[in-house]
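Observations on the three-dimensional arrangement
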Amino acid sequence: MSEVRIVAESRTEFGKGPARRTRRAGKVPAVLYGHGDKPRHYALPGHELMLALKHDSNVLLTLQCDDGEHLALPKVVVRHPIRRTLEHVDLIAVRKGEKVTVEVPITLVGEAEREVLVDQQLTTLSVEADASSIPSHLEVSIQGLAVGGHIEAKDVPLPAGTTLVTDAEHVVVAGLATPTAEQVDAELAEAEAELAGPAAAEAEAEEAPAEETPADEAPAATEE
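The structure reproduced in this document is the subject of the present report. Everything numeric here is computed off the predicted structure, so don't read it as measured data.

Another point: the sheet that holds strand β9 (residues 116-120). Pairing within the open sheet is antiparallel, and its three strands lie in the order β9-β14-β12. Every other strand in the sheet has two partners, leaving β9 and β12 (150-152) as the edge strands with one partner each. The mean inter-strand angle of the sheet, taken between neighbouring strand axes irrespective of direction, is 15°. The pairing of β12 with strand β14 (residues 171-177) spans three bridges and is classified as antiparallel. By the bridge assignment, E152 is partnered in β14 with V171.

Relative to the helices and strands, A146 is located in the loop between β11 (138-141) and β12. Looking at A146, the relative accessible area reads 27%, which means it is partly exposed. The spatial distance from the C-alpha of A146 to the C-alpha of E115 is 8.9 Å, given a sequence separation of 31 residues. Discounting chain neighbours no more than four positions away, the residues touching A146 are E113, V116 and G175.

Before going further, it helps to spend a moment on the pattern of salt bridges. Evaluation of the coordinates by the stated rule reveals seven salt bridges. Residues R5 and E69 are paired through a salt bridge, measuring 2.2 Å at the closest nitrogen-oxygen approach. With R5 in strand β1 (residues 3-7) and E69 in strand β6 (residues 68-79), this residue pair connects regions lying 64 residues apart in the sequence. Judged by its relative accessible area of 47%, R5 falls in the partly exposed class. Overall, the relative accessible area of 48% leaves E69 in the partly exposed class. A salt bridge links E87 to R23; its shortest N-O distance comes to 3.8 Å. One end of the pair, E87, is in strand β7 (residues 86-94); the other, R23, is in helix α1 (residues 16-24), with 64 residues separating them in the sequence.

Volume-wise, the largest pocket comes out at about 240 Å³. Around the largest pocket sit 17 residues that line it, and P74, K75, I92, T101 and V102 are the ones nearest its centre. Of all the secondary structure elements, the ones that give two or more residues to the lining of the largest pocket are β6, β7 and β8 (99-109). Roughly 190 Å³ of internal volume is contained in the second largest pocket. What lines the second largest pocket is simply R23, G26, K27, V28, G46, M50, H80, R83, T85, L86 and E87. At the level of secondary structure, the elements contributing two or more residues to the lining of the second largest pocket comprise β3 (27-33), α2 (46-55) and β7.

Scoring rules and cut-offs
- Residues numbered from 1 in each chain as written.
- Predicted model: local features only at pLDDT ≥ 70, side-chain atom pairs only at ≥ 80, totals over all residues.
- Heavy atoms only, no water.
- Pairing = 2+ DSSP bridges.
- Helix = DSSP H or I, 4+ residues; strand = E, 2+ residues; numbered from the N terminus.
- Axes fitted to C-alpha atoms, helices over the stretch in contact; angles between N-to-C directions.
- Buried < 20%, exposed > 50% of the residue type's maximum accessible area, 1.4 Å probe, protein only.
- Contact = heavy atoms within 4.5 Å.
- Salt bridge = Lys/Arg side-chain N within 4 Å of Asp/Glu carboxyl O.
- 1 Å grid on protein atoms, 1.4 Å probe; cavity = no way out; pocket = protein on both sides within 12 Å on 5 of 7 lines; lining within 4 Å.
- Points joined across faces, edges and corners; volume = space filled by probe spheres on them.

What is shown is where atoms sit, not what they do.
Following this line, the structure appears as structure tokens:
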């Protein structure tokens, strides 16, 4: 894992208005939780924080604050839905030597057998590790993976001092048979038929002649 030192400024104003002013100044509102302390509110430099999170989602941050230094891990990262810029970060305070549970990304390496469709069912594994020794990623080899083959969470190699939290029997990767052209065509035809069904029924209903009311059921004329 990577460690980054970053300057943190204390925040004394809260709410949407102050948060917008913080972001306009190129900084990111952040809250530090943990160890039974009251939440601490900071403003972190946006560009430095973005680079730190880009290279490692479990980066260990050393916050240099006016009230001392704090070690922290990103817990919740909120981004703008369109611009993808950092909007807010929740941090959890940690100590070196302390065990923490985190989600670590999975990286597939190697090549499966020809004609095998690789179905990756998990993109991260939940593990427990020392706060200062969290792996940046976990490699899963799919070299020679055959149709019907699979790799479970318990099969993923973990660094020393790291233990698995995810269900050991959970399938991480499975090898599926690549569908033939005929199977693809059949599935497309079936999907088109399902989509066309409601439309055809609607069109048939619109074309159906209106029912005539029998003469003996017609409403009687009202005398004036």
